[in-house]
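The chain contents come next:
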Amino acid sequence: MKICIVGAGISGLYLASKLSEQKFDVTVFEKEKGIPKKACSGLISERILNFLPEAERLIENKIDFSLIHFPKKTVEVNFLRKFFVIDHFKLNQLLFNLAKKKRIKIFFNYDIRSLTVLALRNDFDKIIGCDGASSKVRKFLKLKEPEFYLGIQGFLKEKNYSNFVETWPTRNGFLWKIPRGKNVEYGIIEEKEKAKKIFEEFLKEKELKLEKTNSAIIPQGLIISSNPNITLCGDSAGLIKPWSGGGVIWGLMAANLLLKNFPDFLKYQREIKKFFSFNIIFSKIAKKTVYFFGFNLPFFLPKNFKIDGDFLI
């Protein structure tokens, strides 16, 4: 069976490696000239080691809790599982090197629009779209678009190995400070029209001058294909945690569901809907509830509580 994976990000390369181990003929197509450098904070729970034990050597710092600064109250959120600060590009590079050892065919600088030609010519038995927020595979399938937010990150050259992150909620997202060990990252996730202005005002208020900034759109809302031969995984399927904007672990969990049900894409699509839908709905409600009390009735919020950073339930 010949498999086409569109996108050489974390989900795409992970799937390529695992399918190759099962003796499938796997080809990966990537639109960038090399391993994509995605704007991502790389704050990933220790679950990453269940998927990729080799990632342990990439850990830059370890995080135990988060401080949420509402205007009139600060809440401490302790994580049931540690979070690791990992450079997203280095994680991608690690997966790429593992894929190369397995002699997986990877083509860079590839025009993804040619996917239409591939599909019509039946060059591949199965096509998996792992091509991110602006997925061409999703557009090819004529599926609805997820809701989009804008993420912006910047860096301050300052050593900081603190074991906690700080966040400042905005009306629809939040600002953050992440100690990365050798430097400190500041960022925001918000509605596209508001993010830049809010971030600039925050930096001015805190008297911060960042060395460099990156940005990326962040999809939210599970998008499921009903095609038996073409499916989506990771960011292209909108698998992003509603409360944090992180998607690495959810993407890898979806990849494992795909591997479990492969080559039955319809069964995989039913399973990710069953697995993620309730968590997404509950998470959105929980976030709105916490934000409502945090901004309007902060005395009702506990001073601290514990959560699993990947799943609120």
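Residues numbered from 1 in each chain as written. Predicted model: local features only at pLDDT ≥ 70, side-chain atom pairs only at ≥ 80, totals over all residues. Heavy atoms only, no water.

Asker: Honestly, the pairing of strand E4 (residues 59-70) in this entry has me stumped. Any pointers?
Answerer: Regular strands have side chains that alternate between both faces of the sheet. Where E4 and strand E5 (residues 73-86) come together, ten bridges link them in antiparallel fashion. Paired with His69 across the bridge in E5 is Thr74. If you look at the hairpin formed by E4 and E5, you'll find two residues sitting between the two strands. Two elements, E4 and strand E9 (residues 164-169), share four bridges in a ladder whose sense is parallel. Along E9, the bridge assignment pairs Leu67 with Glu166. (Pairing = 2+ DSSP bridges. Helix = DSSP H or I, 4+ residues; strand = E, 2+ residues; numbered from the N terminus.)

Asker: Please clarify how the packing of helix H1 (residues 10-21) against helix H7 (residues 248-261) should be interpreted in this entry.
Answerer: Think of two packed helices as two axes; the pair is described by the angle between the axes and how far apart they sit. H7 packs onto H1 with a crossing angle of 30° between their chain directions and a minimal axis gap of 9 Å. On the basis of the axis angle, H1 is roughly parallel to H7. Regarding H1 and H7, the two cross each other, and that crossing is right-handed. Packed against H1, whose contacting residues are Ile10, Ser11, Tyr14, Leu15, Lys18 and Leu19, the element H7 presents Val248, Gly251, Leu252, Ala255, Asn256, Leu258 and Leu259 at the interface. Classifying every residue of the contact of H1 with H7 by side-chain character gives nine nonpolar, three polar and one charged. (Axes fitted to C-alpha atoms, helices over the stretch in contact; angles between N-to-C directions. Parallel < 35°, antiparallel > 145°, perpendicular 65-115°, else oblique. Left-handed = near helix turned anticlockwise from the far one by under 90°. Contact = heavy atoms within 4.5 Å. Nonpolar A, V, L, I, M, F, W, Y, C, P; charged D, E, K, R; others polar.)

On their own, these measurements won't tell you what the molecule is for.
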